[in-house]
Amino acid sequence: GAGVSQSPRYKVAKRGQDVALRCDPISGHVSLFWYQQALGQGPEFLTYFQNEAQLDKSGLPSDRFFAERPEGSVSTLKIQRTQQEDSAVYLCASSRGGQPETQYFGPGTRLLVL
Amino acid sequence: AQSVTQPDIHITVSEGASLELRCNYSYGATPYLFWYVQSPGQGLQLLLKYFSGDTLVQGIKGFEAEFKRSQSSFNLRKPSVHWSDAAEYFCGVGTGGFKTIFGAGTRLFVKA
């Protein structure tokens, strides 16, 4: 596709529900990143994939957060037993290959946990 | 630890006036530096980047930035601001791994 797409764009969840956020990177991009952006803050790194391999997950805030990219293209960020502090915009980005490389960002998924 | 500081939470400039957004970083080696812009409800769009070479880099939409190693700074400039430049601007540092660390952002308001 022309750019990085994310779905859903908005998600409202009740506390304790599980959610799954999808990212479709630019076709052919090897690297994929997830970021969390709290209100009024800059994006914070969550995790990084090179093809299907998750090379860095140091930014995942708890074991309730899980990301996968099984075929090296589409990625899913899953949050189990959502908490109010999980409310944020979740941004996905992709790039052609290894660093340093320009990252292309999707529009984000805005998650609100009630 | 690596960090990025954008000292100004928000800035207001008049249309046609010049703009400078400040960015300071903390990183032990030569960093990879980025400026991104984010419009409401949108993802981040790259304005410009510095990896090596000439310390004055040109970007899209008439923006430029200068890497000053001695000051650990990478300030963004534009000689004449347009109303469409109103947005949030993020400075980022690539740390040599695969992470980019972002500052908290500076929101630009443009008045007529």
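Residues numbered from 1 in each chain as written. Chains lettered and ligands numbered in written order. Predicted model: local features only at pLDDT ≥ 70, side-chain atom pairs only at ≥ 80, totals over all residues. Heavy atoms only, no water.

**So, the overall build of chain A**
Quick note on the threshold: Elements are defined by DSSP. Helices are runs of H or I of four residues or more, strands are runs of E of two residues or more, and each kind is numbered from the N terminus. The atom set for the radius of gyration is the C-alpha atoms, and the globule formula is 2.2 Å times the number of residues raised to the power 0.38. Buried means the residue's accessible area, taken with a 1.4 Å probe over protein chains only, is under 20% of the maximum for its type, while exposed means over 50%, and partly exposed covers the values in between.
The secondary structure content of chain A amounts to zero helices and 11 strands. The order of α-helices and β-strands along chain A, N terminus first, is β-β-β-β-β-β-β-β-β-β-β. Against the globule reference of 13 Å for 114 residues, chain A gives a C-alpha radius of gyration of 13 Å, in line with a compact fold. Expressed along its principal axes, the backbone C-alpha trace of chain A runs to roughly 35 × 25 × 25 Å. Put simply, chain A has 114 residues, and 46% of those count as buried.

**Brief notes about the pairing of strand 6 (residues 53–56) of chain A**
All names here are of chain A. Quick note on the threshold: The pairing criterion is simple: DSSP has to find at least two bridges between the two strands.
Where strand 5 (residues 44–50) lies against strand 6, three bridges are found, and the strand directions are antiparallel. Paired with Phe-49 across the bridge in strand 6 is Gln-54. What sits between the antiparallel neighbours strand 5 and strand 6 is a turn of two residues, in which Asn-51 has the positive phi angle 55 degrees.

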